[in-house]
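Chain and residue survey
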Amino acid sequence: HTGNNVVDGKAPTRKKGENINYSPKLRTFTWKISDCLMKSNSGIYRRLYDREKERLKNLTFKKGELFKKYGKPYKEDDTKLKKGHIHNRALRKMRKLFLAHYWACARELNNLPVRKPYVEEKLGHKSIVTWQEVVAVELGKNKEGVL
């Protein structure tokens, strides 16, 4: 498990005396992958990062909501996310899509069964980007892109 999940609206953290249910090395590795994709990729994943970052910049919360949820970095009056928080959220979204594509691609290439993505199967999302579409865009076969 990569530790990219959310528990009560926050990323899991290590606490002295408590067991963790993820691999810290794998978590660091996946963070490095997303950092590289954000810096060097001009395709699907970078566009997803940029789009999510812009959406989060325009997101407004009620006064006190951010302070109640996240505490110290925010003040009672804050209604907008901090720049670092926006960046990390956008990276996380991009990272999760990449990991979903990586998992599906590896399973398909090894002739193993692949279920529909959670957001399609359980949440009913309709416009799902597949790893095949990403590869086509990255190789220049689909100039328009899928995002």
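Above this note sits the structure.
Remember, predicted model here, so these are calculated numbers, not experimental data. The residue count restarts for each chain, going from 1 along the sequence in the order it is written. The predicted nature of this model means local features are confined to residues of pLDDT at least 70 and side-chain atom pairs, given and counted, to a pLDDT of 80 or more, with totals for whole chains, interfaces and linings taken over all residues. Note: side-chain values were computed over all heavy atoms of the structure, leaving out hydrogens and water.

Focus: the overall build of the protein
We count it as follows: Where helices and strands are cited, they refer to DSSP runs of H or I of at least four residues and of E of at least two residues respectively, numbered from the N terminus. Accessibility here uses a 1.4 Å probe with only protein chains present; expressed as a share of the type maximum, an area under 20% marks a residue as buried, one over 50% as exposed, and anything in between as partly exposed. Residue contacts are defined here by distance: any two heavy atoms, one from each residue, within 4.5 Å place the two residues in contact.
Across its full length, the protein carries six helices and zero strands. By principal-axis analysis of the C-alpha atoms, the protein measures approximately 50 × 40 × 30 Å. Here the protein, with 147 residues, has 27% of them falling under the buried criterion. A sequence separation of at least 24 residues applies to 52% of the contacts in the protein between residues at least 6 apart.

Focus: the nonpolar core
Taken as a class, soluble globular proteins show a tendency for nonpolar side chains to be buried jointly. Put simply, the rule is: Only buried residues count toward a nonpolar core. Its members are Ala, Val, Leu, Ile, Met, Phe, Trp, Tyr and Cys residues joined through side-chain atoms within 4.5 Å.
Membership of the largest hydrophobic core is limited to twelve residues, which are Leu37, Met38, Ile44, Tyr45, Leu48, Tyr49, Ala90, Leu91, Met94, Val129, Val134 and Val137. Looking at this core, the elements that each hand over two or more residues are α1 (24-40), α2 (44-57), α4 (83-109) and α6 (131-138). Considering every element that reaches this core, the biggest residue donor is α2, with four residues. Once you skip the residues sitting within four places of it in the chain, Met38 turns out to touch Arg46, Tyr49, His87, Leu91 and Met94. Counting seven residues, the second largest nonpolar core, distinct from the first, contains Leu56, Tyr74, Leu81 and Ile86.

Quick word on the pattern of salt bridges
If the charged atoms of two oppositely charged side chains come close together, the side chains can form a pair. Rules: For this analysis, a salt bridge means a side-chain nitrogen from Lys or Arg found within 4 Å of a carboxyl oxygen belonging to Asp or Glu.
A full pass over the atoms with the stated rule returns seven salt bridges. Asp50 serves as the salt-bridge partner of Arg46, at 3.0 Å between the closest nitrogen and oxygen. Pair noted here: Arg46 and Asp50 are both in helix α2, with a separation of four residues, about one helical turn. Asp50 sits in the partly exposed class, given a relative accessible area of 35%. In this structure, the salt-bridge partner of Glu121 is Lys122, at a minimum N-O distance of 4.0 Å.

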